[in-house]
Amino acid sequence: MISDRIKKLSPYKTETTQARIRLSSNELPLRLPEDVRLRISQEVSKIPINKYPDPNASALKEVLSEHLRVKEENIVLGNGSDELIYYLNMAIGELSRGVFYPIPTFPMYEVSSRILGRQRVEVPLDHNMDIDLNASLLAIKTHSPVLAFISYPNNPTGRCFTRSKIESIRQEGLFTVIDEAYFHFSKKTFLEDAVSREDTVVLRTLSKIGMAGLRVGILIAKEEIAYEINKMRLPFNITYPSQVIARLILTEFYTLIEECINTVIKERDRLFRELSQMEGMEVFPSDANFILFRSNFPAEKLYKALLDRGVLVRNVSYLPRLERCLRVSVGLPEENDAFLEALEDSLKSFT
Ligand code: PMP
């Protein structure tokens, strides 16, 4: 008796292809030194794994509240921000009302809406990969959605949308989720709105700052909103090891993360310059830790040629507006060099 809603879903595609250099999932290329790894394993070995973890992850929340400069009551933690996207989609407005998001964007907004049977109000981006405000306002008037998901910066296009356009959408009465998964590379935020307004929340994650394997997502909201969302949370959604390791890394080794973020920002700008100089290449500016680019060749052909040379990127050409586009995550300098070399070599082999 599986519902049609679920039967119609296609399984969520995660990238499992093996490659020498993986630049496909927008992870931080953080390499923890041996002594740090040892310190982590010592702490992990002390965990009583026969016991349930702290359901409120209080020790981790305490550190996060210091980092974010918000109260612990403003925070809800999820098993990745993926889980928080589900909770928000379940919690905001009646399910009979729609969900708005510009496309292309992060697929989980669509997936969670489909699972809940909510109407999807999807509006293609304009040619600058920004929100098409007129089309969005028209779609909002026509379909009256109550919830908006905004990836800020947007995955997979890379830029932060114009702030005033987001505000105009919110102005129409939509509860607005600002997904700041890539905040550390953009430094642009709606955090002040999230703690002061009832119609705005911000999502952050530890995934893009070196801890994707821990699965810790962070919702920041006004206390009253956070209180309600927290009621829906599965009781032990942050595992014991995740609570312990995330807290340890954030308190003792955060400078390693900061250094790596700075390297990635510098490398992103270098990659952008180098890609822009390649003939026939269209490169989209990025506020995130990845770059979208379009070549003259079929995306699948270039994707395969790169993979043959040991470099895995993401083929996003099936998405609206993204014909012949690939997305590359920014890695360590030597990984980016290998990518650029593989790209030049692939393009040469086509001509
Ligand atoms: N939001 C955006 C915009 C993302 O790109 C991603 C991951 N690629 C996520 C959320 C999910 O992050 P998490 O690992 O915290 O579930």
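## Side note on the pattern of salt bridges
- Tallying each qualifying case throughout the model produces 27 salt bridges.
- In this structure, Asp126 engages Lys165 in a salt bridge whose closest nitrogen and oxygen atoms are separated by 3.6 Å. Taken as a pair, Asp126 in the loop between strand S4 (120-124) and helix H6 (133-143) and Lys165 in helix H7 (residues 163-171) lie far apart in primary sequence, 39 residues in all. Of the two residues, Asp126 and Lys165, both sit in the buried class.
- Here Glu224 and Lys222 are joined by a salt bridge, their closest N and O atoms 4.0 Å apart.
- The class of Lys222 is buried, set by a relative accessible area of 19%.

## Quick look at the site of the ligand
- The local shell around the ligand holds 13 residues, among which Ser81, Asp179, Tyr182, Thr205 and Ser207 are the closest.
- In this structure, Ser81 approaches the ligand through a main-chain N or O atom, which is 2.7 Å from an oxygen atom.
- At a separation of 2.6 Å, an oxygen atom of the ligand approaches a polar side-chain atom of Ser207.
- Notes on the ligand: free accessible area 400 Å², of which the protein chains cover 92%.
- Broken down by element, the shell around the ligand gets its largest block of residues, three residues, from helix H4 (residues 80-91).

## Digging into the environment of Gly280
- Along the chain, Gly280 falls in the loop between helix H12 (254-276) and strand S9 (282-284).
- Every residue in contact with Gly280, bar those within four places of it in the chain, is listed here: Arg294, Ser295 and Asn296.

## Overview of the layout of surface pockets
- Quantified by volume, the largest pocket comes out at close to 1,400 Å³.
- Around the largest pocket sit 46 residues that line it, and Tyr12, Lys13, Phe106, Pro107 and Arg314 are the ones nearest its centre.
- Secondary-structure elements contributing two or more residues to the lining of the largest pocket are H4, strand S3 (99-103), helix H5 (108-115), helix H13 (299-308) and strand S12 (314-315).
- Ranked by residue count, the leading element in the lining of the largest pocket is H5, at four residues.
- For the lining of the largest pocket, a count of residues per class yields 19 nonpolar, 13 polar and 14 charged.
- When residues of the lining of the largest pocket are assigned to domains, at least three fall in each of domain 1 (14-31 + 255-350) and domain 2 (51-252).
- Empty space within the second largest pocket amounts to approximately 300 Å³.
- As for the second largest pocket, its lining consists of 20 residues, and the residues nearest its centre are Glu27, Leu28, Pro29, Leu30 and Arg31.
- When we break the lining of the second largest pocket down by domain, the ones giving at least three residues each are domain 1 (14-31 + 255-350) and domain 2 (51-252).

## Details of the domain arrangement of the chain
- Taken domain by domain, the chain comprises domain 1 (14-31 + 255-350) and domain 2 (51-252).
- Once you take the C-alpha centre of each, domain 1 and domain 2 turn out to be 26 Å apart.
- Counting residues at the interface gives 24 residues for domain 1 and 27 residues for domain 2.
- Here domain 1 meets domain 2 over a buried area of about 2,100 Å², counting both sides, of which 65% is carbon and sulfur.
- When the buried area of domain 1 at its contact with domain 2 is split by residue, Ile257, Asp287 and Arg321 rank highest and sum to 30% of it.
- Taken together, domain 1 and domain 2 are joined by one salt bridge.
- Two residues, Arg159 and Asp287, come together in a salt bridge whose shortest N-O distance is 3.4 Å.
- Across the contact surface, domain 1 and domain 2 share nine residue pairs in polar contact (both at pLDDT 80 or more).
- Secondary-structure elements contributing two or more residues to the side of domain 1 that touches domain 2 are H12 and strand S10 (290-294).
- At five residues, H12 tops the list of elements feeding residues into the side of domain 1 that touches domain 2.
- A class-by-class count of the residues in the side of domain 1 that touches domain 2 yields 15 nonpolar, four polar and five charged.

Conventions used here
- Residues numbered from 1 in each chain as written.
- Predicted model: local features only at pLDDT ≥ 70, side-chain atom pairs only at ≥ 80, totals over all residues.
- Heavy atoms only, no water.
- Salt bridge = Lys/Arg side-chain N within 4 Å of Asp/Glu carboxyl O.
- Helix = DSSP H or I, 4+ residues; strand = E, 2+ residues; numbered from the N terminus.
- Buried < 20%, exposed > 50% of the residue type's maximum accessible area, 1.4 Å probe, protein only.
- Near = heavy atom within 4 Å.
- Polar contact = N/O pair within 3.5 Å; in protein donor to acceptor, adjacent residues only side chain to side chain.
- Areas by Shrake-Rupley, 256 points an atom, 1.4 Å probe, with all protein chains shown as cover.
- Contact = heavy atoms within 4.5 Å.
- 1 Å grid on protein atoms, 1.4 Å probe; cavity = no way out; pocket = protein on both sides within 12 Å on 5 of 7 lines; lining within 4 Å.
- Points joined across faces, edges and corners; volume = space filled by probe spheres on them.
- Nonpolar A, V, L, I, M, F, W, Y, C, P; charged D, E, K, R; others polar.
- Domains from an automatic or database assignment.
- Buried area = accessible area lost by both parts, 1.4 Å probe.

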